[in-house]
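What follows is each chain in one-letter form.
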Amino acid sequence: MNPRLSTAEDELFMRAAIKLGEKAALVEGTGGPFGCVVVMDGKIIAEGANHVVSENDPTWHGEMEAIRAAAKKLGNFDLSGATLYTTGEPCPMCAGAISWARIDRVVYASTLADALRYGQFDDQPFYEDLAKPIAERRIPATQCLRPEMLELWRRYEARPDRIRY
């Protein structure tokens, strides 16, 4: 899929994300210059900024905060119809969250290479590691108590009232 060209509307919302990234990195010092807005029907419904440093939370990326805020505001974990504007090409964690949220489109300003060059944020090893089978990844993984877990899965599968996501 080829990325489409940005529009004046894209630039408007990206400037809002950049402003959040600037505040996080240069004003409040909460983390890197990562800001994000989630847009539906031409309106910002949620925003987020990087707070990794201030909160000592490696998951507090701007995209994660904005997705959580959007889902809470809408009362729905399915953000179909939304566009996410982010100052940096999403990392593997954020890309996963974007997919789980069913966001329709992502618009980003800087690339992974830019983040490495200007901020020493190197996401490439994460992408490479996640592309490997689990047994070959950098962090060892050991399977344990699968039969017990499968019983829980069966009970979950049998629930007629479960919500699929």
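Here is what the cut-offs are and how they apply
Residues numbered from 1 in each chain as written. Predicted model: local features only at pLDDT ≥ 70, side-chain atom pairs only at ≥ 80, totals over all residues. Heavy atoms only, no water. Helix = DSSP H or I, 4+ residues; strand = E, 2+ residues; numbered from the N terminus. Buried < 20%, exposed > 50% of the residue type's maximum accessible area, 1.4 Å probe, protein only. Contact = heavy atoms within 4.5 Å. Polar contact = N/O pair within 3.5 Å; in protein donor to acceptor, adjacent residues only side chain to side chain. Phe/Tyr/Trp six-rings, centres within 6.5 Å; stacked < 30°, edge-to-face > 60°. Axes fitted to C-alpha atoms, helices over the stretch in contact; angles between N-to-C directions. Parallel < 35°, antiparallel > 145°, perpendicular 65-115°, else oblique. Left-handed = near helix turned anticlockwise from the far one by under 90°. Nonpolar A, V, L, I, M, F, W, Y, C, P; charged D, E, K, R; others polar. Pairing = 2+ DSSP bridges. Right-handed = clockwise from strand over helix to strand, strands pointing away.

### Notes on the overall build of the protein chain
- Across its full length, the protein chain holds seven helices and four strands.
- Secondary structure elements of the protein chain occur, N-terminal to C-terminal, as α-β-β-α-α-β-α-β-α-α-α.
- Per-residue burial over the protein chain gives 32% buried out of 165 residues.
- Within the protein chain, contacts between residues at least 6 apart in sequence are counted, and of these 45% link residues at least 24 apart.

### Let's talk about the environment of arginine 162
- Along the polypeptide, arginine 162 turns up in the segment after α7 (146-158).
- Accessibility expressed as a relative area gives 22% for arginine 162, which makes it partly exposed.
- In contact with arginine 162, other than residues within four places in its own chain, are Tyr156 and Glu157.
- In terms of polar contacts, arginine 162 uses its side chain to reach the backbone carbonyl oxygen of tyrosine 156, at 3.5 Å.

### Overview of the packing of aromatic side chains
- Tallying each qualifying case throughout the model produces five aromatic pairs.
- When the ring of phenylalanine 34 is compared with that of phenylalanine 121, the centres are 5.1 Å apart and the planes differ by 80°; the resulting orientation is edge-to-face. Of the two residues, phenylalanine 34 sits in the loop between α1 (8-27) and β1 (35-40) while phenylalanine 121 sits in the loop between α5 (112-119) and α6 (124-130), which places them 87 residues apart along the sequence.
- When the ring of tryptophan 153 is compared with that of tyrosine 156, the centres are 5.9 Å apart and the planes differ by 75°; the resulting orientation is edge-to-face. Taken together, the residues tryptophan 153 and tyrosine 156, both in helix α7 and three residues apart, mark about one turn of the helix.
- With a relative accessible area of 31%, tyrosine 156 lands in the partly exposed category.
- Members of the aromatic cluster, connected to one another through ring pairs, are Phe77, Trp100 and Tyr165.

### Considerations on the packing of helix α3 (residues 62-74) against helix α4 (residues 92-100)
- The geometry of α3 relative to α4 is characterised by a closest axis approach of 9 Å and an angle of 20° between their N-to-C directions. Relative to α4, α3 is oriented roughly parallel. Our pair here, α3 against α4, has a crossing hand that is left-handed. Of α4, the residues touching α3 (which contributes Glu63, Met64 and Ile67) are Met93, Cys94, Ala97 and Ile98.
- When the residues that make up the contact of α3 with α4 are grouped by side-chain class, the tally is six nonpolar, no polar and one charged.

### Observations concerning unusual backbone geometry
- Of note, asparagine 56 is a non-glycine position whose phi angle comes to about 50°, a positive value.
- Among the structural elements, asparagine 56 can be located in the loop between α2 (52-55) and α3.
- With relative accessibility at 68%, the residue asparagine 56 sits in the exposed group.
- Although it is not a glycine, leucine 145 adopts a positive phi angle of roughly 55°.

### Regarding the pairing of strand β4 (residues 105-110)
- Here strand β3 (residues 83-88) pairs with β4 via five bridges, running parallel. When the bridges of β4 are listed, glycine 88 appears paired with serine 110.
- Handedness of the crossover joining β3 and β4 through α4: right-handed.

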